[in-house]
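# Reading the structure
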Amino acid sequence: MTTLTSPAGVLTIDTFPAPGDGCLGYLAVDEASRTALAIDPRLDQVDRFVEALAARDARLTYLLDTHTHADHLSGVRRLAQRTGATVLSHAASKLQGTARRVKGGATFVLGTKTVTILDAPGHTPDSLAVLVDGHLFTGDALFAGGAGRTDFMGGSAADLFDTLRVFEGLPDTTVVHPGHDYVGRAVTTIGEEKASNPLLRERDRTAFVGRLSARSAPPANMAAILRHNLGEADTATITAQELQALRQQDSGPLLLDVRSPIEFESERIEGALNVPLDALDTRVDEIPESADVVVVCRTGVRATIAAESLARAGRRARVLDGGVQAWRRARLPLREGRKRLPVDRQVQLIAGVMVLSGVGLGLVVSPWFLALAAFFGAGLTFAGATGTCGLALMLMKLPWNATHALPGETGGAVCAAGGGSAPTCAAPTEPKV
């Protein structure tokens, strides 16, 4: 988490990055009144937002998503339940449940500050931006050096062109807080983007639309993520302490661990059944219809997707709030196993070494070696766009990544590596674009 204070000195902004996928969430606190606004909180960051509020002795009064996210689970409803804050949603959003609907031009008070909502369609029809005290939270409408894609979920490159013209009319000193950071710049300004962002500099609407005409694969698990983020599914949760109390009774719940086999073998809650998320649809019959199921993953994100999938199949399930991380923080027993570097880390190390080697050899030995760097760079780009990584698939087949049945395990052995489908660079972690 990083913190930025406005020039006026009474607005503090905490930034919550999500390692690995560039997502950014924000907590804006009016220090004079100790009231706060949360923007784009992820489900796996709810505890961090609550902790930040406590550290600042602040009360969350409003929270919102800048648009309907398709690449991660929103934490807006969970955070609202924890804090009693009012959920705001764009009037064009299909969000179900209680929310105060807003659209461009709407304002509300955050302590001593006035917050203004701007319509920001393009990435999605329900996209909005938030302007407060010279800070603009743009969601996926504007990034440092780029903007969000417009090729799915009702996106429109023409609408995004108009949105950027609105942003362009703001003072150059306006601080921009984007919804993603893909270039290592979580903060920029309107002036900087007007000078260097090729999309903001494009003045021809037809040429702009042409720049954004390419189509690529949608985010992994998009359908399940959208159902959650639109409020069509809302899974019950259970804390680590509550789960442990139930497990100490005669007949505790069935623990369903939906992490990858490598993660499960590394550490797990005793007695859990491992069915990776990508194999759940084909193995749902292994779960008794009458069982009291608690789904487990690393932080609760994959478990939420799994529990909502089970609900559609007629199986009742709750989610371990905070996942294995929360279980560990509660100092509850974990069964340790073989420790290995996650496949996504292996991919990152190998690709990084090959890119650096290609560049170095290209500069010192022959320019032909630059093709090596280009090859691995193109591979990473393809993996990020499609969610499929050939290098990860190959690494999963190597001996040191093989999984084995665990002696003495009850409730089912570890499943075969891969879980029934090709692994991706994001396989050992929470779902990403």
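Please refer to the structure higher up on the page.
Presented here is a report on the structure given in the accompanying data block. (Residues numbered from 1 in each chain as written. Predicted model: local features only at pLDDT ≥ 70, side-chain atom pairs only at ≥ 80, totals over all residues. Heavy atoms only, no water.)

Attention shifts here to the packing of aromatic side chains. A ring pair, where both rings are aromatic, is described by two values, the distance of the centres and the angle of the planes. Summed over all chains, the structure comprises six aromatic pairs. Taken together, a centroid distance of 5.7 Å and an interplanar angle of 80° make the contact between Phe-143 and Tyr-182 edge-to-face. Taken together, the positions of Phe-143 in the loop between β11 (135–139) and α3 (157–168) and Tyr-182 in the loop between β12 (175–178) and β13 (188–189) put the pair 39 residues apart, joining distant regions of the chain. Seen from the ring of Phe-161, Arg-165 lies directly overhead, with NZ or CZ sitting 4.6 Å from the centre. Lying across the ring of Phe-264, Arg-268 places its NZ or CZ 5.7 Å from the centre. (Phe/Tyr/Trp six-rings, centres within 6.5 Å; stacked < 30°, edge-to-face > 60°. Helix = DSSP H or I, 4+ residues; strand = E, 2+ residues; numbered from the N terminus. Lys NZ or Arg CZ within 6 Å of the ring centre and 35° of its normal.)

Locating Ala-306 in the fold gives a position in helix α11 (residues 301–312). A relative accessible area of 0% places Ala-306 in the buried class. With 82 residues separating them in the primary sequence, Ala-306 and Ala-224 have C-alpha atoms 8.8 Å apart. Sequence-distant contacts of Ala-306, defined by excluding residues within four places in its chain, comprise Val-258, Leu-277, Leu-280 and Val-295. (Buried < 20%, exposed > 50% of the residue type's maximum accessible area, 1.4 Å probe, protein only. Contact = heavy atoms within 4.5 Å.)

Before going further, it helps to spend a moment on the pairing of strand β9 (residues 113–119). When strand β8 (residues 107–110) meets β9, the two strands line up antiparallel, connected through four bridges. Within β9, the position partnered with Phe-108 by the bridge is Val-115. Counting the residues that bridge the hairpin from β8 to β9 gives two residues, and of these Gly-111 lies at a positive phi of roughly 60°. Where β9 and strand β10 (residues 128–132) come together, five bridges link them in antiparallel fashion. Each bridged residue has a counterpart across the sheet, and for Ile-117 the counterpart in β10 is Val-130. (Pairing = 2+ DSSP bridges.)

Bringing unusual backbone geometry into the picture now. Unusually for a residue other than glycine, Asp-40 sits at a positive phi of about 55°. Mapped onto the fold, Asp-40 is located in the loop between β4 (35–39) and α1 (46–55). Using a relative accessible area of 4% as the deciding quantity, one classes Asp-40 as buried. For Asp-133, which is not glycine, the phi torsion reads 55° and is therefore positive. Here Asp-133 shows up in the loop between β10 and β11.

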